[in-house]
Amino acid sequence: MPEGSILSDDFLRELINVGEVDILVGLPTYNDAKTVAQVVQAIRTGLLNYFPRQRAAIINVDGGSRDPSQDLVRAASISDLQHLSNIHALRTLHCISTRYEGGPASGIALRTILSAAELLRAKVCAVFSADSTNTEPEWIGRLLSPVVKDNYDLITPTYRRNKFDGMLVQNLVYPMNRAVYSKRIREPYPTEFAFSGRLGSYFAAQDIWSQDVGKEGAGIYLTIAAITGNFRLGQSFIGTKARVDTGATDLVRAMRQTVGVLFWSLDPNFSVWSSNGMSEPVPTFGAESDLTLEPLRVNRKRLFQMFALGVAELEPVLKSILEPPTVEELQRAAALGEENFRYSDELWVRTIYEFAASYHKQVMNRDHIVQALAPLYRGRAFTFLAENRDASAEEVETKVEGLCREFESRKPYLLQMWNERK
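Quick look at the structure, then. (Residues numbered from 1 in each chain as written. Predicted model: local features only at pLDDT ≥ 70, side-chain atom pairs only at ≥ 80, totals over all residues. Heavy atoms only, no water.)

We now examine the layout of surface pockets. Estimates place the volume of the second largest pocket at around 360 Å³. Taken together, 15 residues make up the lining of the second largest pocket; nearest its centre are Asp 212, Val 213, Arg 256, Tyr 359 and Asp 367. Classifying every residue of the lining of the second largest pocket by side-chain character gives five nonpolar, four polar and six charged. (1 Å grid on protein atoms, 1.4 Å probe; cavity = no way out; pocket = protein on both sides within 12 Å on 5 of 7 lines; lining within 4 Å. Points joined across faces, edges and corners; volume = space filled by probe spheres on them. Nonpolar A, V, L, I, M, F, W, Y, C, P; charged D, E, K, R; others polar.)

Pasting the structure below:
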């Protein structure tokens with residue numbers, strides 16, 4: 001991949017001044033001034049604590065922040081750490097920043113980081129989220145050490161989360177990715193992860209960057225490419241995941257970046273997923289799952305209302321995507337009312353596999369298919385909240401595992417729907 005196609009001339013000059021590195025840490029930003037300074041501090045402290053003899057660089061890729069995110073990153077310097085007596089910097093730790101136009105796009109940020117890593121001949125890379133309120137230096141050691149010391153190609157995180165945090169991952173992304181690609185990776189769309197230079201070069205060469213998946217969904221596709229490319233995978237528990245609550249979560253965009261990419265990936269990887277068997281665990285360093293039970297305010301009534309409204313208003317669309325019995329069951333369920341409504345595991349899995357098959361057949365605009373799934377997901381989220389309101393962490397984990405097994409056992413149905421013509 002020609003570096004000039006993604007790296008600006010000014011950024012190239014800064015990278016050339018850095019020279020070759022052993023470790024590169026990428027930090028995408030967009031209006032993260034509230035948190036980015038402490039994230040950079042944690043990354044730098046972690047690098048100097050755990051890898052003091054390695055040549056390292058932090059590369060900030062900014063999506064056009066309107067706040068001082070970039071300035072805060074540029075202000076970072078090794079001298080800021082001199083007051084920490086237990087840290088001894090044996091090499092210069094570079095911290096440089098670049099900006100791309102057009103607003104935040106996770107794929108553009110990742111591609112820029114991959115291009116910089118190739119230019120700097122980085123042996124190990126990591127990406128961290130700038131919006132975390134509690135990134136710790138230990139996260140660097142926990143994510144990068146298996147790649148540096150044990151030759152893993154991809155290490156994804158596991159977190160300590162509230163039992164109702166990450167419901168899209170728990171109810172769809174993790175179970176379906178596990179069933180289809182046969183690897184039990186809890187966070188297939190990670191915001192923090194580490195990977196080898198070998199995997200980075202392989203992924204940078206993928207023919208996805210001019211497509212929508214390369215602009216917004218490259219994060220999950222990196223995980224899928226690592227699985228289908230037979231790279232060495234693992235996951236590591238890093239701690240509690242907390243972010244600034246902006247109140248601006250966009251469900252449809254989140255689904256495009258995860259579910260849409262997962263659906264899209266099924267076509268180029270059909271020969272892999274259509275022939276593999278039941279899922280296998282991946283090596284895990286620390287806990288695979290750690291849930292907390294603190295109360296979390298979610299408007300369940302609103303979720304059900306949006307589900308029922310979606311089933312009614314999108315009836316013609318759903319009839320084009322789903323099989324008639326599935327549409328009828330959803331309509332009956334929506335008519336039951338909030339108190340009696342439940343979106344069962346079996347109906348949910350059938351719904352998702354029929355959506356995936358219709359996405360493959362392009363029964364309509366693919367983005368419209370992903371959008372049509374949003375109200376149905378809200379119905380599933382309502383059920384997850386209702387069923388687990390008083391559940392212990394162990395009970396929630398048992399229910400998530402049961403859903404995963406439902407996805408796996410019904411995988412032949414996905415193949416059936418895939419090969420049938422509507």
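With respect to the helices, strands and loops of the structure, Gly 219 is situated in helix α9 (residues 218-228). A relative accessible area of 13% means that Gly 219 is categorised as buried. Linking Gly 219 and Glu 192, residues 27 residues apart in sequence, is a C-alpha distance of 9.9 Å. (Helix = DSSP H or I, 4+ residues; strand = E, 2+ residues; numbered from the N terminus. Buried < 20%, exposed > 50% of the residue type's maximum accessible area, 1.4 Å probe, protein only.)

A few words now on empty space enclosed by the protein. Throughout the structure, instances matching the rule amount to two cavities of 30 Å³ or more. Lining the largest cavity are 16 residues; nearest its centre among them are Arg 161, Gln 170, Arg 186, Glu 187 and Ser 289. Looking at the lining of the largest cavity residue by residue, the classes come out as five nonpolar, four polar and seven charged.

Its identity is not glycine, yet Arg 121 carries a phi of approximately 55°, on the positive side. Relative to the helices and strands, Arg 121 resides in the loop between α4 (106-119) and β4 (124-127). You can call Arg 121 exposed: its relative accessible area is 56%. Its identity as a non-glycine residue notwithstanding, Ser 182 has a phi of 65°, on the positive side. Residue placement: Ser 182 occurs in the loop between α6 (167-181) and β6 (183-184).

For the pair helix α15 (residues 345-361) and helix α18 (residues 411-419), interaxial distance at closest approach is 9 Å and the crossing angle is 30°. By the angle class used here, α15 and α18 are roughly parallel. The crossing of α15 and α18 is right-handed. Contact residues: α15 offers Arg 350, Tyr 353, Glu 354, Ala 356, Ala 357, His 360 and Lys 361, while α18 offers Lys 411, Tyr 413, Leu 414, Met 417 and Trp 418. Split by residue class, the contact of α15 with α18 holds seven nonpolar, one polar and four charged. (Axes fitted to C-alpha atoms, helices over the stretch in contact; angles between N-to-C directions. Parallel < 35°, antiparallel > 145°, perpendicular 65-115°, else oblique. Left-handed = near helix turned anticlockwise from the far one by under 90°. Contact = heavy atoms within 4.5 Å.)

Before going further, it helps to spend a moment on the side chain of Ser 196. With respect to the helices and strands, Ser 196 occurs in strand β7 (residues 193-196). For Ser 196, the side chain forms a polar contact with the side chain of Asp 153, separated by 2.7 Å. If sequence neighbours within four positions are ignored, Ser 196 has contacts with Lys 123, Val 147, Tyr 152 and Asp 153. (Polar contact = N/O pair within 3.5 Å; in protein donor to acceptor, adjacent residues only side chain to side chain.)

This brings us to helix α5 (residues 137-150). Counted at 1.5 Å a residue, the expected span for α5 with its 14 residues is 20 Å, and the 20 Å between its end C-alpha atoms agrees. The axis of α5 is deflected most strongly, by about 45°, at Leu 144, and proline Pro 146 appears within four residues downstream. Trailing α5 by a residue or two, Asn 151 shows a phi angle of about 65°, which is positive. (Expected span 1.5 Å × (residues − 1). Bend = angle between axes of the 7 residues up to and from the residue.)

On to the pattern of salt bridges. With the rule as written, the count across this model stands at 27 salt bridges. One salt-bridge network, in which partners are shared between bridges, spans Glu 329, Glu 346, Arg 350, Glu 406 and Arg 410. (Salt bridge = Lys/Arg side-chain N within 4 Å of Asp/Glu carboxyl O.)

Scanning the model with the defined rule gives 21 aromatic pairs in all. Seen in terms of ring centroids, Phe 307 and Phe 341 are 4.7 Å apart; in terms of plane orientation they differ by 35°. Their pairing is tilted. In this pair, Phe 307 sits in helix α12 (residues 300-313) while Phe 341 sits in the loop between α14 (324-335) and α15, placing the two residues 34 residues apart along the sequence. On the basis of relative accessibility, which here comes to 1%, the residue Phe 341 falls in the buried class. Here the aromatic rings of Tyr 343 and Trp 348 are separated by 5.3 Å at their centres, their planes lie at 85°, and the arrangement is edge-to-face. Accessibility expressed as a relative area gives 0% for Trp 348, which makes it buried. (Phe/Tyr/Trp six-rings, centres within 6.5 Å; stacked < 30°, edge-to-face > 60°.)

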